[in-house]
Amino acid sequence: MTTLLTTLLTANALWAERFRDADPNFFGQCATGQSPKVLWIGCADSRVPGSVVTDATSGDILHRNIANQFHLHDDSVLSVFILLTIGHTHCGGTAACLEAAQAQASNSPPSISPVTPLGRWFAPPTNLVLTLDLETLPAVTHLDAIVEVHVKRQVENVCVTDVIKGAWAAALGDESGERRQVWVHQWVYDVASGRLKDLSVSRGLKT
């Protein structure tokens, strides 16, 4: 463990030096605050670091959470222009929700108790899985199918919140065109290929 921590600290020092060499003012600007234009509603999975897979710079993207969920009471979209709901293949959270849904359908005890914090967090996607007709699909495709449907559900959740509807209403009534135009997009990251897939569904004032 000590070796791993030393490796991380050494890598951080090299990273910081590389950025300082490229832009001596970079960290000074970061210290003055942040105003990211993109909110990445992704997963805490270590294989899907949003800034890394998009080759973004510190301060470009605001990140959050586990199993790329957006709850209806969420107000963390107040200052961004682009919201990306990002699912990913080989998702442990999705697999847990599929397992929980299968256990519930067969009246078997779930591996994660629904009364625990994690069980409560997984309840919405688990309930979503129960509504899907997965029997018409090959079993090997079930997880990927759930990931895409779940991403689309998060877009729906984002778009019905008061903060997003308010931003759209304000932009629609602004003849100057200076109000921020908020757009919501849905992508899926393929862990095996390292590529992002655009599900070709975007929501904004013109959609």
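Just above sits the structure.
Computed from a predicted model, the values in this text were never measured in an experiment.

## Some points on the overall build of the protein
At step 1: A count of helices and strands for the protein gives seven helices and five strands.
At step 2: Secondary structure elements of the protein, listed N to C terminal, follow the sequence α-α-β-α-β-β-α-α-α-α-β-β.
At step 3: Going through the 207 residues of the protein one by one, you find that 34% of them count as buried.
At step 4: Across the protein, the fraction of contacts at a sequence separation of at least 24, relative to all contacts at a separation of at least 6, is 66%.

## Some thoughts on the packing of helix H4 (residues 92-105) against helix H6 (residues 142-159)
At step 1: Close contact between H4 and H6 brings their axes to 10 Å; oriented N to C, the two are set at 105°. It follows that H4 is roughly perpendicular to H6 by the angle criterion. Contacts from Thr94, Ala95 and Leu98 in H4 reach His142, Leu143, Ile146 and Val147 in H6.
At step 2: Along the lines of polarity and charge, the residues of the contact of H4 with H6 split into five nonpolar, two polar and no charged.

## Details of unusual backbone geometry
At step 1: Positive phi is not limited to glycine here, since Asn107 has a value of about 60°.
At step 2: Note that Asn107 resides in the loop between H4 and helix H5 (117-130).
At step 3: Positive phi is not limited to glycine here, since Ser200 has a value of about 60°.

## What about the pairing of strand E5 (residues 195-203)?
At step 1: The pairing of strand E4 (residues 183-190) with E5 spans six bridges and is antiparallel. Across the sheet, the residue bridging to Val184 is Arg203, located in E5.

## Considerations on the packing of aromatic side chains
At step 1: Overall, the coordinates contain five aromatic pairs when judged by the stated rule.
At step 2: For the ring pair Phe19 and Phe26, a centre distance of 5.0 Å and an interplane angle of 40° mean the geometry is tilted.
At step 3: Under the relative-accessibility criterion, Phe26 is labelled buried at 9%.
At step 4: Seen from their ring centres, Phe26 and Phe27 are 5.0 Å apart, and the 80° between their planes marks the pair as edge-to-face.
At step 5: Site record: aromatic cluster; members linked through ring pairs are Trp15, Phe19, Phe26 and Phe27.

## Quick word on the pattern of salt bridges
At step 1: In this structure the tally under the stated criterion is three salt bridges.
At step 2: Close ionic contact of Asp45 with Arg47 constitutes a salt bridge, the shortest N to O distance being 2.6 Å.
At step 3: Exposure remark for Arg47: the relative accessible area of 37% places this residue in the partly exposed category.

## Focus: the pairing of E4
In the case of a regular strand, side chains alternate between the two sheet surfaces.
At step 1: Sheet topology note: the strand E3 (residues 82-88)/E4 ladder contains seven bridges and is parallel. Paired with Gly87 across the bridge in E4 is Val188.
At step 2: Between E4 and the antiparallel strand that follows it, E5, lie four residues; Gly194 among them carries a positive phi value of about 80°.

Rules behind the numbers
The written sequence of each chain sets the order in which its residues are numbered from 1. This being a predicted model, a pLDDT of at least 70 is required before a residue's local features are given, and a value of 80 or more before pairs of side-chain atoms are given or counted; all residues contribute to the totals for chains, interfaces and linings. Note that water and hydrogens are dropped before the side-chain values are worked out from all heavy atoms of the structure. Each helix is a run of H or I in the DSSP string that is no shorter than four residues. Each strand is a run of E no shorter than two, and both are numbered from the N terminus. The buried label applies to any residue whose accessible area, calculated with a 1.4 Å probe on protein chains only, is under 20% of its type's maximum; exposed applies above 50%, and partly exposed to all values in between. We call two residues in contact whenever any of their non-hydrogen atoms come within 4.5 Å of each other. Interaxial angles span 0 to 180 degrees and are taken between N-to-C directions of axes, which are lines fitted to C-alpha atoms, for helices over the stretch in contact. Any angle between 65 and 115 degrees counts as roughly perpendicular, while under 35 counts as roughly parallel, over 145 as roughly antiparallel, and the rest as oblique. Ten residue types, Ala, Val, Leu, Ile, Met, Phe, Trp, Tyr, Cys and Pro, are classed as nonpolar, four, Asp, Glu, Lys and Arg, as charged, and the remainder, Gly among them, as polar. Only strands joined by at least two bridges in the DSSP assignment are considered to pair. Planes of paired rings set the category: under 30 degrees apart is stacked, over 60 is edge-to-face and the rest tilted, where pairs are Phe, Tyr or Trp rings (Trp by its six-membered ring) whose centres lie within 6.5 Å. Salt bridges are counted wherever a side-chain nitrogen of Lys or Arg sits within 4 Å of a carboxyl oxygen of Asp or Glu.

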